[in-house]
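Report on the structure
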Amino acid sequence: MSALFEVDHLQKAFGGLNVTRDVSLALCKGDRVALIGPNGAGKTTFVNLVTGHLRPDSGQVLMGGEDISNFNPMKRVRAGLVRSFQVTRLFAEMTPEEHVALAILQRQGKSGRMAGSFQAMPDVMRETYEILETLNLTALGRVPVSEISYGQQRLLEIALALTLRPKVLLLDEPAAGVPHSDTFLIENALAQLPADLAVLMIEHDMDLVFRFAKRVIVLAAGEIIFDGLPVDATNDLRVREAYLGGYANGSAA
Amino acid sequence: MSAGASVTAMPAENRGWQRDLIGIAAILVAAIAGYFLFPNNLALLTRMIAIMLLVLSLDLVTGYCGVATLGHAALFGSGAYAAGIAAAHFGITEPLTMIAIGAVGGALAGLISGVVILRGHGLAQLVLSIAIIHLFHEAANKASEYTGGSDGLSGISPDPILGVFEFDLWGRTAYVFGIVLLLLVFILLRILVRSPFGMLCRGIRQDPVRVSAMGASVKLTLIKMYVISGLVAGVGGAFNAVSTQVVGLDSLSFTNSAEALVMLVLGGVGSLYGALIGTIAFVWIEDLVSAANPFHWLTIVGALLIAVVLFAPKGLYGTAATLVERYRRGGK
């Protein structure tokens with residue numbers, strides 16, 4: 001299958017520090033890929049380069065064959081490249097209902113309307129509660145985000161990304177900060193992502209990575225050192241050395 | 001509310017407009033009470049209305065969008081001068097037309113200040129806004145052929161409103177005209193802040209990065225809001241020109257801008273109600289205190305302000321609204 005999303009020889013240096021070294025990768029429809037790597041491997045820099053929050057020194061980002069390297073973050077979202085944030089970025093005083101409705105209105109190009117209320121738009125309300133329902137957030141629809149738990153905020157973050165109907169979804173540590181007992185909530189949400197959506201997930205929780213991903217890419221010191229099946233990753237000598245250490249030995253045993 | 005399998009668990013529409021009806025009724029009652037309680041002080045009440053429009057306009061960019069500005073009188077003063085110059089130099093003395101010209105003047109000033117101020121963030125934004133108000137002030141001062149410079153612009157004599165209601169010596173017509181304008185603007189703004197656009201603006205104040213991650217343009221939205229804010233401030237300025245029949249350089253001053261911000265903080269940001277209450281409180285206290293002690297009134301106003309910011313950081317309206325909310329939740 002032809003690639004839906006491609007990163008081509010991406011380079012970025014901060015002063016003398018090469019944080020992204022010649023990174024190339026491709027995603028197809030329906031891919032479930034995990035990007036892992038030790039702290040400081042350049043994972044978040046990579047996300048920022050891809051989403052347009054940072055400018056690469058060289059290299060290209062392509063969506064469906066089109067070069068989007070010169071697009072600003074907003075235009076990349078409109079092209080179908082949507083991200084979630086490592087630390088939740090939500091509107092503290094607004095409710096989940098308002099968050100999702102705003103994302104729907106934005107997707108439909110109605111967010112500039114200066115009269116009327118989304119609560120009086122039946123189609124927007126229906127879709128809002130369909131999305132909240134899939135993530136089990138219906139009961140919290142009218143509670144300000146500052147009053148709901150962090151795990152639920154993470155779910156809302158995923159809900160927002162989904163609402164925009166992306167073609168490619170970058171999840172920056174979706175389970176970060178969530179108590180281990182609640183990780184299953186995130187996992188359930190991830191299991192319900194549309195089948196044809198291409199997902200690139202950055203994650204530290206290895207259990208989650210190995211259950212979710214069909215393919216693993218390992219980044220170390222700004223460079224891709226492995227790209228392949230999760231099973232092979234645990235057996236790869238360089239990966240073990242760079243990162244997995246005890247975990248690889250443990251699960252192989 | 002139970003989380004059923006179907007989406008029938010969808011809650012009903014919020015009855016936010018009920019509160020707006022109460023708000024509108026409260027403005028009307030206050031307006032009528034003011035008319036009968038202070039028949040000799042209508043000029044002060046009329047000035048209050050003009051300032052209310054300025055503070056409402058400031059609430060749009062500061063309260064709803066989170067833009068810090070100390071130059072908002074540029075929009076108000078531009079509206080005042082636009083209407084005043086149209087009347088004094090071009091013979092356009094029909095009051096509604098003057099208000100419309102003022103609105104356009106304010107919107108233009110809003111566009112210019114918005115484009116400049118939104119280049120910066122935080123402290124830089126504040127400094128740019130101060131630069132803007134000084135530039136506008138100096139421009140009006142230098143263009144004395146049109147603006148009358150530091151002598152002020154006089155010779156504004158508006159026609160009767162709709163050809164019927166003449167502006168009287170006691171300022172009754174001006175007062176009623178002001179109340180009508182204020183109500184109209186207030187209703188339109190309540191609709192605006194509840195609209196999808198208003199929601200987007202509130203989103204920008206809370207997290208602009210999230211808004212751009214949704215694919216919306218932060219800059220364009222803010223500039224649109226600045227132009228709307230300019231329309232409102234321009235109406236206020238033009239109304240001030242119509243009701244006082246003069247325009248002075250102080251309408252374009254830093255002091256005027258700063259006082260508007262103080263009134264907004266005093267009343268509470270981001271609700272529109274706070275803007276109204278803050279203006280009434282500030283102008284009224286200022287009037288009271290300056291009559292009681294003409295030498296140290298600013299000190300007293302300052303002390304009061306510190307008290308409000310320390311003990312009621314959400315402002316008079318914001319604090320009252322929080323208390324009512326807490327009482328309601330506790331009562332259930």
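Because the structure is a prediction, the values reported are computed rather than measured. (Residues numbered from 1 in each chain as written. Chains lettered and ligands numbered in written order. Predicted model: local features only at pLDDT ≥ 70, side-chain atom pairs only at ≥ 80, totals over all residues.)

Comments concerning helix α3 (residues 73-90) of chain B
All names here are of chain B. Here α3 is 18 residues long and its end C-alpha atoms lie 24 Å apart, about the 26 Å a rise of 1.5 Å per residue gives. With respect to burial, α3 is a largely interior element, 16 of its 18 residues being buried. At the exit of α3 stands G91, carrying a positive phi of roughly 70 degrees. (Helix = DSSP H or I, 4+ residues; strand = E, 2+ residues; numbered from the N terminus. Expected span 1.5 Å × (residues − 1). Buried ≥ 20, exposed ≤ 12 C-beta atoms within 10 Å, placed from the backbone.)

Regarding unusual backbone geometry
Its identity is not glycine, yet A:E173 carries a phi of approximately 50 degrees, on the positive side. Located in the positive-phi region is B:L162, a residue other than glycine, with phi close to 55 degrees. Here B:L162 shows up in the loop between α6 (144-147) and α7 (172-194). Here B:L162 falls in the exposed class, since 9 other C-beta atoms lie within 10 Å of it.

Quick notes on the sheet that holds strand β2 (residues 17-27) of chain A
All names here are of chain A. Ordered by their spatial adjacency, 4 strands build an open sheet running β2-β1-β4-β5, and the pairing between neighbours is antiparallel. Of all the strands in the sheet, just β2 and β5 (66-67) have a single pairing partner and so form its edges. As defined by bridge partners, strand β1 (residues 5-14) adjoins strand β4 (residues 58-63) across 5 bridges and the pair is classed as antiparallel. Counterpart to F5 in the pairing with β4 is M63. (Pairing = 2+ DSSP bridges.)

Here we look at the UniProt feature "transmembrane region" (unreviewed entry) in chain B
Residue and element names in this part refer to chain B. When the UniProt feature table is mapped onto this chain numbering, "transmembrane region" (unreviewed entry) sits at residues 21-38, 44-61, 73-92, 98-118, 174-193, 226-249, 261-285 and 297-324. As annotated, residues 44-61 comprises 100% helix and 0% strand, and the C-alpha atoms at either end are separated by 26 Å. Along residues 174-193 one finds 100% helix and 0% strand; the C-alpha atoms at either end are 28 Å apart. (UniProt positions renumbered as here; feature names shortened; annotations may be inferred.)

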